[in-house]
Structures are given as C-alpha cells and as structure tokens.
Amino acid sequence: MTQAMKWSRGLYLVTPDWDDTERLLRVSEQALQGGAAVLQYRHKTAGAQQAVEQAGALLALCRRYHVPLIVNDNVVLCMTIGADGVHVGGTDAAVGEVRAALGDDKIVGASCYGSPALAQQSAEAGASYLAFGGFYPSQVKQYEVSTQPELIAQIKRSIALPVVVIGGMTLANAAPLVAMGADMVAVISSVYNAPDPQAAAEKFAALF
C-alpha cells in the first residue's frame, strides 16, 4: 500500500454477497469512479476459491484507482492475495492477533458497535480505525440498532483514530453523522443497488 492511498476519510464501500463476479466488478468500478475511498470485500457465503477469485480481481481494480482493499474477517485471504488489510468484528479474531499476523503496514479495522470500552481496547491492540453501528436498520445485516449518534463526538474526543459509521446508511441519515465527526460512512445497498452507482458514490463522497 502506498502513501498515496488516502483511505481514512470518505465513502467506505462494502461489497454485497454477489456471486456474479462480473457484475460485482462492474458496479464496484463505477463506485470507485465516483470517489469511494475504501473498498471492503465482504461475502459471507463465498467458498474459498470464489473468495480468492473475487477478492483478487477487486484488488487489481482497487490498485488502478489507488484505493485500499480490505478483507472482512479473513486473515488468510488477505495474506494470500496481498490485500491492504482486514476488518474484524466482535466475534472474529482479536484485533491484537490480526495485527500480529499482518504486521504494522496493514490496515486493521475493528467493529466496536456502540461500546466505548471495546473501542479503547481495539485502539490499544493496534486497530487502524474504529467502526460503530448499527445506527439505522440495514437491508443487508441483522443487528441491534442501538448506537447513539452522540457516541461519535465522545469517541473523537478520546481516541485519535478514524471513525466509521455503519448500518442502513443513506445520504440523508449519514449527513448528520458526518457533521458530528464521522470520518467514513460504510455503505452497501445505497451504492450497489442504486440506479446509478457512480452518482450515488459521488454524492456520498461529497459529504466530506
């Protein structure tokens, strides 16, 4: 990963569970053209070979746009294809273990839900950014919608890491969270299912 990759502010794009790799690449490229700052490969039902093929193709695409590719919860896949980092959730491998496995040069993201204590632990363990949510109901993931917007300012005051907000993000409901200090907005459906993914990505990027 080069220093030219300014990944820590803007649209944080997360892939849907699409088996159609051609479609996945086409829509992802449209979003990258629209200004997505980060792409996370997340496909919870993909087999090992499919995951390597899709993530590898996305990595090549991301390289062309100077955007980092982060793999969701799969250190082996990250290391196999040479991706830029891994995102871990609360039931995945510990942040410290992932950091030790990947070294200092990779991005390690941590889901902190609505917990300042988990955020502090993740930061101390070597996280590169902290993700919070869900703030709103999601079309894709099932989770408790309990994270309060006021948490963003609290975290920004206490921890010097980028903050990602996630969960049912639309342009309308993401804007106040950005105003409160969120550094990145994680989006799946509002871009991938948009009639014009490039235009949708441009509008999210414009929030920053």
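Keep in mind the model is a prediction, meaning the values are calculated, not measured. (Residues numbered from 1 in each chain as written. Predicted model: local features only at pLDDT ≥ 70, side-chain atom pairs only at ≥ 80, totals over all residues. Heavy atoms only, no water.)

A. Representation of the packing of aromatic side chains within the structure. A complete count under the given rule lists three aromatic pairs for this structure. Both rings, one in Tyr 12 and one in Tyr 129, keep their centres 5.6 Å apart while their planes meet at 70 degrees; by these two values the pair is edge-to-face. You can see Tyr 12 sitting in strand β1 (residues 10–14) and its partner Tyr 129 sitting in strand β6 (residues 129–132), a full 117 residues away along the chain. An identical accessibility class is assigned to Tyr 12 and Tyr 129; each is buried. (Phe/Tyr/Trp six-rings, centres within 6.5 Å; stacked < 30°, edge-to-face > 60°. Helix = DSSP H or I, 4+ residues; strand = E, 2+ residues; numbered from the N terminus. Buried < 20%, exposed > 50% of the residue type's maximum accessible area, 1.4 Å probe, protein only.)

B. Here's a closer look at the pairing of strand β8 (residues 184–187). Across the two faces of β8 the burial is the same, with Met 184 and Ala 186 and Val 185 and Val 187 all buried. Bridging between β1 and β8 involves four bridges; their strand directions are parallel. Paired with Gly 10 across the bridge in β8 is Met 184. Bridge count for strand β7 (residues 163–165) against β8 is two bridges, and the pairing is parallel. Bridge assignment links Val 165 to a residue of β8, and that residue is Val 185. (Pairing = 2+ DSSP bridges.)

C. The pattern of salt bridges, seen in detail. Taken as a whole and assessed by the stated rule, the structure comprises five salt bridges. Taking the shortest distance from any N to any O, the salt bridge between Arg 63 and Asp 84 comes out at 2.9 Å. Of the two residues, Arg 63 is situated in helix α2 (residues 48–65) and Asp 84 in the loop between α3 (75–81) and β4 (85–88); the sequence distance between them amounts to 21 residues. The exposure class assigned to Arg 63 is partly exposed, which follows from its relative accessible area of 32%. With relative accessibility at 1%, the residue Asp 84 sits in the buried group. Via salt bridges that share partners, Arg 9, Lys 156 and Asp 183 belong to a single interconnected network. (Salt bridge = Lys/Arg side-chain N within 4 Å of Asp/Glu carboxyl O.)

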